[in-house]
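# Fold and geometry: a report
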Amino acid sequence: MARLAGRSAGAPPRSTDVARLAGVSQKTVSRVMNSEQYVSADVRRRVMEAAEELGYRLNHAARALASGRTRSIGVVTLGTALYGPASLLMGVERAVRDTGYALRVVNTFEGDTMGIAGAVNSLLDQGVDGIVISEPIDEEDGDDLSVRVDVPFLVLGAPPPFVAPRVVTAGLVAHQLARAVTEHLLELGHTTVHHLAGPQRWYAARDRLEGWRATLAAHGRREPSVIAGDWSAASGYTAGRRLAADDSVTAVFAANDDMAIGLIRALLEAGRRVPEDVSVVGLDDIPVAAYVSPPLTTVRQPFDATAQDGLKRLVHAIENPDADPIPVHDPPVNLVVRSSTAPPPNRTTPLLRRITA
């Protein structure tokens, strides 16, 4: 089929565009899209091919409202009970209450063949005015995210997966969090920092690894081999048994608190004291982090503040499509120093007195 001429670049396709491209009437397009009878197979095929080529989608909700809006926001999120994604979703749910919009959530799951693309398509078919992408992992097949999004969308903690008229981002970059952790351990006097990484399909795990790596390089420090975990305390325990056998290990940055807690358990069982022999830092500040033994040094993630800031900027983009976006202000990194970190063995520094004063 030949491309249509005369349409404004970037303008969303209409049923009239589909009709012209397919060589049928607008009424026939309506019949096909509504799955009505008395349409030949050939005509139905031509209309569907034209609609696919143009990226046309029937928006039932928008048609039903004179304003063209449903006052609803869709959320795509990974179906998981892990602390970070679950906390961010709860933050979004709380923030939406103050916007006057309804919330529609679609979960994805690891190994789901439809993945993000299918979830976004589902929300667009429901006529949402904007979409929040809180999806922390790569698609299984990598780069096939050919969804045409004609509403603003907010990305939380991951690179934008689609092209859209307005893209809004919010939240701390994991690279900054990893840098704060690594620099804290280096400032205590450790010559280098080992890293227990999360699964590399996760954007946050990759960013935390790169932040750790870049910080060591910036300070001219040796980069130890990375140990891979799966976010669970069990994987941290397994890594801890391995690290406990290496007397040169004095500092470890675990990519989340659960792995850090499992790591500490293994170190203590092997006779390596924390923090006297090995300092350990996690990330997230899960509720139990302050109550384990020793209390865990970690970075507190501002999930509620991130959600509130992101939703404010998304609603602004929805309701003011021609206005400039609200400026982005990165929140400060909140390193919570507890008892799981100290100078390396047989070393005290003035810096420690400054930190604990």
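Above: the structure in question.
Residues numbered from 1 in each chain as written. Predicted model: local features only at pLDDT ≥ 70, side-chain atom pairs only at ≥ 80, totals over all residues. Heavy atoms only, no water.

## Thoughts on the overall build of the protein
- The number of helices and strands found in the protein is 12 helices and 11 strands.
- Residue burial in the protein is summarised as follows: out of 357 residues, 48% are buried.
- For the protein, long-range pairs separated by at least 24 residues make up 70% of all intrachain contacts whose partners lie at least 6 apart in sequence.
- Here the protein has roughly 17,200 Å² of accessible surface; of this, 50% comes from carbon and sulfur atoms. (Helix = DSSP H or I, 4+ residues; strand = E, 2+ residues; numbered from the N terminus. Buried < 20%, exposed > 50% of the residue type's maximum accessible area, 1.4 Å probe, protein only. Contact = heavy atoms within 4.5 Å. Areas by Shrake-Rupley, 256 points an atom, 1.4 Å probe, with all protein chains shown as cover.)

## Structural notes on the environment of His-316
- Take His-316: it is sitting in helix H11 (residues 303-319).
- In the structure, His-316 is positioned 148 residues away from Val-168 in sequence and 10.0 Å away in space, judged by C-alpha atoms.
- Not counting the four nearest positions on each side in its chain, His-316 is found in contact with Ala-323, Asp-324, Pro-325 and Ile-326.
- Looking at His-316, its side chain comes within polar contact range of the main-chain oxygen of Asp-324, at 3.0 Å. (Polar contact = N/O pair within 3.5 Å; in protein donor to acceptor, adjacent residues only side chain to side chain.)

## Things to note about the pairing of strand S8 (residues 251-254)
- Along S8, one buried face is formed by Ala-251 and Phe-253 and the opposite face, lined by Val-252 and Ala-254, is buried too.
- Where strand S6 (residues 194-197) meets S8, 3 bridges bridge the pair, whose relative direction is parallel. By the bridge assignment, Leu-196 is partnered in S8 with Ala-254.
- Of the pairings in the sheet, the one linking S8 to strand S9 (residues 279-281) comprises 3 bridges and is parallel in character. By the bridge assignment for S9, Phe-253 is matched with Val-281. (Pairing = 2+ DSSP bridges.)

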